[in-house]
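Summary of the model geometry
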Amino acid sequence: MGVNGALLAIDAGNSKTDVAVVSLGGTVLGAARGGGFQPPVVGVGEAVDGLVEIVGRACAEAGVPAEFAHVAACLANADLPVEEAALRAELLGRGLSRSVRVHNDTFAILRAGVDEPRGVAVVCGAGINCVGMTPDGRTARFPAIGKISGDWGGGGGLADEALWFAARAEDGRGLPTALARTLPAHFGLDSMSALIEALHLGRIPMGRRLELTPVLFRVAAQGDPVAESLVDRLADEVVAMAAVALRRLGLDREEAPVMLGGSVLAARHPRLEGRIRELLAARAPKAVIGFVTAPPVLGAGLLALDAVAAGPEAKARLRERYEG
């Protein structure tokens, strides 16, 4: 099978990468998984080297050369147009295809959750992001690079806020909250001062603070006002992003899907989900909320099939492969 007979779908997140070689008829010919995609840490060239290695393993399984009719690469850290352009240039330089489209990885989650490239997705895992698309190629998105781009939330943001409130509760500067007890208890410690010291000195790696997000939700479910306020603010942020994306695309005046994904939203916390539904109904009454459970590489594959104008049978075949 040569250059005109296969498509390449890449979903490269911060923690793992999935690659699929897909026929024009929607059959997965080969697949491979590798580590996370982090060009800010290792550089663009080395990060793409890692992708190419994973692609090579998928091609070996498929029994095809690494030459594709189209490459749909949904990549973490492709947050700005200049980053997308740099990554696309690097992929083009590897000779995988003369047709390469780089998307932020949130687009893979959106496309995996909708029957056509139309709608909005909000993803809340370690971070938070939102994208939207329409069949005519228009998109809506946010830089999603942290507080400097106006973002609030995500698992990491929630954990940091919970630590802030808990520290102030213990030392008397803030309102009392059960978080001052439950957060250190998660790590087997008896006070926030002990947890602060352990995090500051590296005895507990800062990355482990993400473990505190489920603790926050448990405390909120028990009626703690401080924890509840953080959950409510996250709902406000999710709805703000979704409503703006819908409006930018002109989808706020018609029935349109709003897909929710990522570990925090997929957990279906009742207070969070209930508030999201209530607020979105007020701001975009025709929006239809759904949850993405399919693997994002499905979305990358569907974007590749979209790019070559594949028929509905091919897309249904690919979806069946991943959704069973």
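All of the points below concern the structure found in this document.

Quick look at the pairing of strand β9 (residues 256-261) now. Among the six residues in β9, six count as buried, and that is most of the element. Of the two faces of β9, both are covered, the one formed by Ala 256, Val 258 and Leu 260 as well as the one formed by Pro 257, Met 259 and Gly 261. Alignment of strand β6 (residues 119-124) against β9, held across four bridges, turns out to be parallel. Residue Val 120 lies in a different strand from β9, and its bridge partner there is Val 258. Of the pairings in the sheet, the one linking β9 to strand β10 (residues 287-291) comprises five bridges and is parallel in character. By the bridge assignment for β10, Ala 256 is matched with Ala 287.

Moving on to helix α13 (residues 312-323). With 12 residues, α13 ought to run about 16 Å at 1.5 Å a step, and its terminal C-alpha atoms sit 16 Å apart, in line with that. Buried residues in α13 make contact with β2 (16-22), β3 (28-35), α4 (105-113) and α12 (296-307).

Throughout the structure, instances matching the rule amount to 21 salt bridges. With its nearest N and O atoms 2.8 Å apart, the salt bridge here joins Asp 306 to Arg 111. Pair noted here: Asp 306 is in helix α12 and Arg 111 is in helix α4, with a separation of 195 residues, a long-range link. Residue Arg 111 is classed as buried on the basis of its relative accessible area of 1%. Between Arg 253 and Asp 252 there is a salt bridge whose closest N-O contact spans 3.5 Å. Among the residues examined, Arg 253 registers a relative accessible area of 61% and is labelled exposed. Owing to a relative accessible area of 24%, Asp 252 belongs among the partly exposed residues under this scheme. What emerges from the salt-bridge pattern is a single network uniting Lys 16, Asp 18 and Arg 33.

This next bit is on empty space enclosed by the protein. A full pass over the atoms with the stated rule returns one cavity of 30 Å³ or more. Taken together, Leu 260, Leu 265, Arg 268, His 269, Leu 272, Glu 273, Ile 276 and Phe 291 make up the lining of the largest cavity. Tallying contributions element by element places helix α11 (residues 270-283) first for the lining of the largest cavity, with three residues. In the lining of the largest cavity, the residues fall into five nonpolar, one polar and two charged.

Glancing now at the sheet that holds β9. Taking strand neighbours across the sheet as the criterion, the five strands line up as β8-β7-β6-β9-β10 in an open arrangement whose pairing is mixed. In the strand order of this sheet, the two ends are held by β8 (139-141) and β10, each with one partner. Between one strand axis and the next, the sheet turns through 20° on average, direction left out of account.

Once that is clear, we can look at helix α3 (residues 81-93). Its 13 residues place the ends of α3 18 Å apart at the C-alpha level, agreeing with the 18 Å of an ideal helix rising 1.5 Å per residue. Along its buried surface, α3 packs onto α2 (44-62), β4 (70-75), β5 (100-104) and β8. One or two steps after α3, the chain reaches Gly 95, where phi turns positive at roughly 75°.

Thresholds, definitions, all that
Residues numbered from 1 in each chain as written. Predicted model: local features only at pLDDT ≥ 70, side-chain atom pairs only at ≥ 80, totals over all residues. Heavy atoms only, no water. Buried < 20%, exposed > 50% of the residue type's maximum accessible area, 1.4 Å probe, protein only. Helix = DSSP H or I, 4+ residues; strand = E, 2+ residues; numbered from the N terminus. Pairing = 2+ DSSP bridges. Expected span 1.5 Å × (residues − 1). Contact = heavy atoms within 4.5 Å. Salt bridge = Lys/Arg side-chain N within 4 Å of Asp/Glu carboxyl O. 1 Å grid on protein atoms, 1.4 Å probe; cavity = no way out; pocket = protein on both sides within 12 Å on 5 of 7 lines; lining within 4 Å. Points joined across faces, edges and corners; volume = space filled by probe spheres on them. Nonpolar A, V, L, I, M, F, W, Y, C, P; charged D, E, K, R; others polar. Axes fitted to C-alpha atoms, helices over the stretch in contact; angles between N-to-C directions.

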